[in-house]
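Geometric and topological summary
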Amino acid sequence: MELLAKVLLATIVVVAVIGIISYALQNVFTPAVTKVQAESLVLSDMQNANPGAAINITNATQSTFVGSWHIVVAVVANATSPCPSYSIVSFDYPKYGFVYRLENTYTSGCNIYEASNGNSYIISSYPVAITKSYLLNITSVTAFVGRYGFHNVTVTAQSYNSTTIGGTQYHAVWVVRYAAPKANHAVYVILAQSSGSALAAYNASS
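Notes on the structure follow. None of the values given here were measured: they were computed from a predicted structure.

Before going further, it helps to examine the state of the cysteines. The final tally for this structure, using the stated rule, is one disulfide. Note that C83 is cross-linked by a disulfide to C110, the S-S spacing being 1.9 Å. Every disulfide takes its handedness from the sign of the S-S torsion; for C83 and C110 that torsion is 100 degrees, giving right-handed. Placement of C83 in the loop between β2 (69–77) and β3 (85–93) and of C110 in the loop between β4 (101–108) and β5 (111–112) is noted, with a sequence separation of 27 residues between them. We classify C110 as partly exposed; its relative accessible area is 24%.

Structure representation (structure tokens):
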């Protein structure tokens, strides 16, 4: 009985020592990095790994891991093509270095994932607005892209709470613009932010 008690006591001591050592190592050997440094290092790594992509840090807070920062990054590849790819990733830096976690994919391969299964959604980002305008198969858009080539077309999108176009006032819309170096005009699509439906499409001088 006395031997069993000694074994149990020894086990408890060993577990406690391991816990103390683990906690100490996490605190001693986790590099001290400021928020600004962590953001800069993560941003630089993402830019190197994704040349040409539009990369922005959308949030940075203290991580649940001691000495680290939880950094959320928006990544838009082919940002001005008719089908940009838009995803959100996160880092716990320096705990896991530059290994990121995929949080969400909004658009990829000319698909809008938040609109799957017929779910309604609000268009809150320009990559989704651009992709949606292309997927609507609007005659003037498909003709423009077909004539000048998918990879030669530059597409941008701007949101408006209120704007007047051609004498008509619009509220809560995206205005998507298709242009090309050899084109003498641009194609515009007006989308409702709340549904993604096309309210108008027209040509104008580029």
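Now that the structure is up, let's keep going.
The next point concerns the layout of surface pockets. Approximately 190 Å³ is the volume attributed to the largest pocket. In this structure, the largest pocket is lined by 15 residues; those nearest its centre are N50, V75, S87, V89 and Y100. For the lining of the largest pocket, the leading source of residues is β3, giving four residues. Looking at side-chain class alone, the lining of the largest pocket contains eight nonpolar, six polar and one charged residues.

Analysis parameters
- Residues numbered from 1 in each chain as written.
- Predicted model: local features only at pLDDT ≥ 70, side-chain atom pairs only at ≥ 80, totals over all residues.
- Heavy atoms only, no water.
- Disulfide = S-S within 2.5 Å.
- Helix = DSSP H or I, 4+ residues; strand = E, 2+ residues; numbered from the N terminus.
- Buried < 20%, exposed > 50% of the residue type's maximum accessible area, 1.4 Å probe, protein only.
- 1 Å grid on protein atoms, 1.4 Å probe; cavity = no way out; pocket = protein on both sides within 12 Å on 5 of 7 lines; lining within 4 Å.
- Points joined across faces, edges and corners; volume = space filled by probe spheres on them.
- Nonpolar A, V, L, I, M, F, W, Y, C, P; charged D, E, K, R; others polar.

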